[in-house]
Amino acid sequence: MRNAIFTICAKNYLAQAKTLGYSVKKHCPDVDFFILLSDEIDGINIKCEDFNVIESKNLPNIHSFYEMAFKYDVIEFSTSIKPYFLDILVNERGYQNVLYIDPDMVVYNSLNFLFDELETKAALLTPHILYPYVKYEGATSEEELLFVGIYNLGFFAVNNSTTGKQIIDWWKHKLADQCYADKEDAQHVDQRWMDFLPALHGDNVKILRHPGMNVAFWNMHERAFSVEDGNYFVDGMPLAIFHFSGLDAHDYHNIARKQDKYNLDNKPEYLQLFKEYVDNLEKNDLAYLSKLKYKYNQYDNGVSVLPYQRRFFRTLGNKEAYKNPFITIKDSFFNLLEINKLMIFDKDGKYIAIRKGISNVDGKIEKLKKLLIILKKTVGIKRYYLLMKFIRSHSRFEKQAFLIEKNS
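All values derive from a computational prediction rather than experimental measurement.

Asker: Before we go on, may I ask you to explain the sheet that holds strand E12 (residues 231–234) in this structure?
Answerer: Think of a sheet as strands paired side by side through backbone hydrogen bonds, with each pair either parallel or antiparallel. The sheet built from three strands is open, its strands ordered E11-E12-E13 with antiparallel pairing. Every other strand in the sheet has two partners, leaving strand E11 (225–228) and strand E13 (237–238) as the edge strands with one partner each. Note that E11 and E12 share four bridges and pair antiparallel. Bridging across to E12, Val227 finds its partner in Tyr232.

Following this line, the structure appears as structure tokens:
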């Protein structure tokens, strides 16, 4: 029986993907492992001689590749192509069972029990949390879990069955144009869609309750981690996969950027695990690979693609006119933005995040609040209320396509 495991990343995450890959080779030696690059090698030495690296642009089943690479940011795009590669591994290469594992995860024991599950189940999911509670004590808020979804898609498994193929095909169609990280649309990239799976396919879907699966900062509050004779255990069971989500390798003491509840002072039992992981990242060329630039973050003339430009492109009704939005020739999407005076040339990366683009952000926000108070006093609460409602409903760039003249 042929089984496969794969991960997806851009070039700057290849140290993480290699670290995962070596752990797969150690604990699952009979399983084929692939790295799908949501990026382009572009003549660069990616130092991945031990691994099968495939550029996503070469996948034959993505028919609007550059459109997808442009309208999605790196995380959205990396997750959107997941079912496309599953489709190839299952339908073209004939693998019986396929596991997807995020690049920032590591395998610590044999995963044969997962392949055994796939003998009777079409798909496997791991919930963010496992145990019932009254008072919630997690590092991630309940509201955030409601937004990102019940299941964490850092791990997903599917088999080569009629139901498995139906799941892949359905997921492909959803992610072709609905893989945004966008609270307004109730989307969290590929993840929220999988909340449907147990309802759509019932007993064909297994919700894994193994405490050693997909352990991460968001479930540390509910699981007891221990080290015995150099081996890792969770609730007395062997650690299968740990998810180093949000880790800053240069500040691993704080465990994850996305939370401030846990660190290695109040969770000292994790010290060996995290130190070992960071040491392996460094051995796997983190210093070099982490500096590599994402190909789809710039136009072909080197100008940075900013998030609002991706969202403007999302609203276009005639995307066929711009099959490759990265090119900058006449009548290109780049040219359309220039004509409408909607192009920002971000040489220093100041407009990627508000705190990079604006100095003294807090002070400027206070000044803006004072201006809004003056505005309210000037126009009255009724007009102020209606103005705020309008701004709220039209603040997304998807709602501002009127800035692009139709005759442009």
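Asker: Please explain the pairing of E12 as it appears in this structure.
Answerer: It is a general feature of regular strands that their side chains alternate between the two faces of the sheet. Taking the residues that link successive antiparallel strands as the turn, the E11-E12 hairpin has two residues, and the phi of Asp229 there is positive, at about 50°. With two bridges joining them, E12 and E13 adopt antiparallel strand pairing. Directly across from Val234, in E13, lies its bridge partner Met237. Hairpin connection from E12 to E13: two residues lie between these consecutive antiparallel strands, with Asp235 at a positive phi of about 50°.

Asker: When you look at the sheet that holds strand E1 (residues 3–9) in this model, what are you seeing that I'm missing?
Answerer: Pairing in this open sheet of seven strands is mixed, and the strands run E3-E2-E1-E4-E7-E6-E10 from one edge to the other. Two strands close off the open sheet at either side, each with one partner strand: strand E3 (52–55) and strand E10 (205–207). Neighbour to neighbour, the strand axes of the sheet diverge by 20° on average, direction disregarded. As defined by bridge partners, strand E6 (residues 123–125) adjoins E10 across three bridges and the pair is classed as parallel. If you follow Ala123 over to E10, its bridge partner there is Val205. Its contacts with the sheet place helix H4 (residues 82–92) against E1, strand E2 (32–37), E3, strand E4 (97–101) and strand E7 (155–159), and it is angled at close to 155° to E1.

About the cut-offs
- Residues numbered from 1 in each chain as written.
- Predicted model: local features only at pLDDT ≥ 70, side-chain atom pairs only at ≥ 80, totals over all residues.
- Heavy atoms only, no water.
- Pairing = 2+ DSSP bridges.
- Helix = DSSP H or I, 4+ residues; strand = E, 2+ residues; numbered from the N terminus.
- Axes fitted to C-alpha atoms, helices over the stretch in contact; angles between N-to-C directions.
- Contact = heavy atoms within 4.5 Å.

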